[in-house]
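Remarks on the overall topology
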Amino acid sequence: MAGLTPRERVLRALNHEEVDRVPIDFGSSFASTITLPAYERLKDRLAVKHESRLMRLTSQTVVVDEEVLRHFNVDTRALLLGSPERSAEHWNPDGTYVDEWGITWRRPEGGFYYDMVKSPLAGPISLEDIERYPWPDPHAPGRLYGLRERAEELHNAGYFTILNFPLGFIHMTQFLRGFEDWFSDLLLNPELAGALMDKVIDINLGIGGDALKVVGDLVDAVFVADDVAMQNGLMMSAELYRRLIKPRQKRVYDYIKAHSRAKIIYHSCGAVEPLINDFIEIGVDALNPVQVSAKGMDTARLKELYGDRITFWGGGCDTQHVLPHGRPEDVRAEVRRRVKDLAPGGGFVFCAVHNIQADVPAENICAMFEAAQEYGRYPYVMVDSLRVDNLSRLSRTGTGCD
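Note that the structure is a prediction, hence the values are computed from the model and not measured. (Residues numbered from 1 in each chain as written. Predicted model: local features only at pLDDT ≥ 70, side-chain atom pairs only at ≥ 80, totals over all residues. Heavy atoms only, no water.)

**Structural notes on the overall build of the protein chain**
Rule in force here: Counting from the N terminus, the helices are DSSP H or I runs at least four residues long and the strands are E runs at least two residues long. In this setup the radius of gyration rests on C-alpha atoms only. A globule is expected at 2.2 Å times the number of residues raised to 0.38. For every residue, the accessible area obtained with a 1.4 Å probe (protein chains only) is divided by the maximum for its type, and the residue is called buried under 20%, exposed over 50%, and partly exposed between those limits. We call two residues in contact whenever any of their non-hydrogen atoms come within 4.5 Å of each other. In this description, accessible areas are obtained by the Shrake-Rupley approach with a 1.4 Å probe, and a residue is regarded as covered only by the protein chains that are shown.
Broken down by element type, the protein chain carries 15 helices and 13 strands. For 402 residues, the compact-globule estimate of 2.2 N^0.38 gives 21 Å, and the protein chain sits close to it at 21 Å. Seen through its C-alpha atoms, the protein chain measures out along the principal axes to roughly 65 × 45 × 40 Å. Per-residue burial over the protein chain gives 58% buried out of 402 residues. Sequence separation of 24 or more characterises 74% of the internal contacts of the protein chain that already satisfy a separation of 6 or more. Counting every atom, the protein chain has about 16,700 Å² of accessible surface; 51% of that belongs to carbon and sulfur.

**Quick word on the sheet that holds strand 7 (residues 115-118)**
The strands that make up a sheet are held in pairs by hydrogen bonds between backbone atoms, and each pair lies either parallel or antiparallel. Inclusion rule: Two strands pair under a simple rule: DSSP has to find at least two bridges between them.
Strands sit in the order 4-5-6-7 across an open sheet of four strands; the sheet is antiparallel. With partners counted over all chains shown, the strands left at the sheet margins are strand 4 (90-91) and strand 7, one partner each. When strand 6 (residues 104-106) meets strand 7, the two strands line up antiparallel, connected through three bridges. Note on strand 7: the bridge partner recorded for Thr 104 is Lys 118.

**Topic: the packing of helix 5 (residues 147-156) against helix 8 (residues 190-215)**
Two quantities define a packed helix pair, namely the angle between the axes and the distance from one axis to the other. Going by this rule: Axis geometry follows a simple rule: fit a line to the C-alpha atoms, using only the stretch in contact for helices, then measure angles between N-to-C directions, giving values from 0 to 180 degrees. Oblique is the label for every angle not falling under 35 degrees (roughly parallel), over 145 degrees (roughly antiparallel), or within 65 to 115 degrees (roughly perpendicular). Helix crossings are classified by the rotation of the near helix relative to the far one: an anticlockwise turn of less than a right angle makes the crossing left-handed, while a clockwise turn makes it right-handed. Following the grouping adopted for this structure description, the nonpolar residues are Ala, Val, Leu, Ile, Met, Phe, Trp, Tyr, Cys and Pro, the charged ones are Asp, Glu, Lys and Arg, and the polar ones are all others, Gly among them.
Between helix 5 and helix 8, the least distance of the axes is 9 Å, while the angle of their chain directions is 50 degrees. When the axis of helix 5 is compared with that of helix 8, the two are oblique. Crossing handedness for the pair helix 5 and helix 8: right-handed. Touching Leu 147, Arg 148 and Ala 151 of helix 5 are Ala 211, Val 214 and Val 215, all from helix 8. The class makeup of the residues in the contact of helix 5 with helix 8 is five nonpolar, no polar and one charged.

**A word on unusual backbone geometry**
A cis amide bond, omega -10 degrees, links Asn 288 with the succeeding residue Pro 289. Tracing the sequence through the fold places Pro 289 in the loop between strand 11 (286-288) and helix 11 (299-306). Omega for the peptide link from Tyr 378 to Pro 379 comes to -15 degrees, which places this bond in the cis form. Within the element layout of this structure, Pro 379 appears in the loop between helix 14 (362-375) and helix 15 (389-396). Here Ala 47, not a glycine, exhibits a phi torsion of approximately 60 degrees, which is positive. Ala 47 gets classed as partly exposed once you look at its relative accessible area, which sits at 48%. Of note in this structure, Gln 60 is not a glycine but carries a positive phi near 55 degrees. Along the chain, the position of Gln 60 falls in the loop between strand 1 (53-56) and strand 2 (61-63). Residue class for Gln 60 comes out buried when judged on its relative accessible area of 5%.

**Brief notes about the packing of aromatic side chains**
For clarity, the threshold we go by: Here a Phe, Tyr or Trp ring, Trp counted by its six-membered ring, pairs with any other such ring whose centre lies within 6.5 Å, and the pair is stacked when the planes are under 30 degrees apart, edge-to-face when over 60, and tilted otherwise. Any Lys NZ or Arg CZ found within 6 Å of a ring centre and within 35 degrees of that ring's normal is scored as a charge over the ring.
In the structure shown here, the tally under the stated rule is 18 aromatic pairs. Ring centres 4.8 Å apart and planes at 65 degrees place the aromatic pair Tyr 133 and Trp 135 in the edge-to-face group. Put simply, the rings of Phe 26, Phe 72, Phe 348, Phe 350 and Phe 369 pair up and form one aromatic cluster. In this arrangement the basic side chain of Arg 56 is found over the ring face of Phe 30, its NZ or CZ atom lying 3.8 Å from the centre.

**Side note on empty space enclosed by the protein**
Just so we agree on the cut-off: Think of a 1 Å grid over the protein atoms and nothing else: a 1.4 Å probe that fits but is trapped marks a cavity, an open set flanked by protein within 12 Å on at least five of seven lines marks a pocket, and residues with an atom within 4 Å of a point count as lining. Grid points are joined across faces, edges and corners, and a volume is the space filled by probe spheres set on the points.
The full count for this structure, using the stated rule, is two cavities of 30 Å³ or more. In terms of lining residues, the largest cavity is bounded by Phe 165, Pro 166, Gly 168, Phe 169, Ile 201, Asn 204, Val 224, Asp 226, Gln 249, Val 252, Tyr 253 and Tyr 266. Elements represented by at least two residues in the lining of the largest cavity include exactly helix 8 and helix 9 (238-258). Among the elements that line the lining of the largest cavity, the one with the most residues is helix 9, at three residues.

**Brief notes about the sheet that holds strand 11**
Across the sheet, seven strands lie side by side as 3-8-9-10-11-12-13; this open sheet has parallel pairing. The open sheet is flanked by strand 3 (76-79) and strand 13 (348-349), the only strands paired with a single partner. Where strand 3 and strand 8 (residues 160-164) come together, four bridges link them in parallel fashion. The partner of Leu 79 across the bridge, within strand 8, is Leu 163.

Have a look at this one:
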């Protein structure tokens, strides 16, 4: 399909069509990028000289350079909000960092992530305490600086552009309240839990709404992150999710779709399979990631059950075991398996299960993207004994990774 732009490739995948190849995502969201130590090694391998820029301080994830994105034929691009000019965020003398929401973070000795160490709304609180809290100003200058110009640049270049919304209301209220109090509130004080979530949603829609007014006609998708599951099951009962969480997610997604043409990419780690029908019902277009190491997240089964109704965005390579600890040939085998399961009929965008972590060798990252381009070509032969070897030789040409 000569002349197919990256945007067209991704949009057709979202429309469950097979085109020339499976689209590739790297760095378009704060859950599909790479951590700083792994990125520095990758840049060394690719001879990229640009200074790294952090996407998020607390996770130590980076903005992937355009040179790297083009090297791996990445179809997607991130559209990131700026920092507010007026903000309560600051560093304390003890080295802790307080973000604009008042949450305190510390980088442990020998670590690179920042851990949450203080939740400002922990303990006994009332509805009045929520109202009196010094909330961030959603309309503070700075968040939108250069956003329209960046969106126009990406749109005109033909890339599939993804606006990253503020961190979702589940995560944010867990950080504000503290995990123990948050889970207790769901059962013992759902009115307070709901009021806190609604307040965060109001602020997020203020921030995101301002952004959509500026770039809603240019963005192709909005990325929203809010985990509802863990490794072995849901974070809460399905009934509790449907009563307290689902209607609020629907409010956010309805707002986005009313103010843009954007698709919804929803991120939740973990064993989310029992809720995928719910996600589809409230307007999720693509699920990120497919955490293949979690309970019930078998890629072949998920494709069979849901593959005609939702796009799987991720799941291309296990980031818990294979990517950090396997050999390049193990990575290639893993990618081949996941593409074989998820690619037929479209509805699949390739990326690693989550952010590429600090212990991942650069050669494994290269092997992953090389394999994605090799095995992701349409039409393809996936019978093990009849795999067309020419594709392997073609995919390695000019990668610069070997």
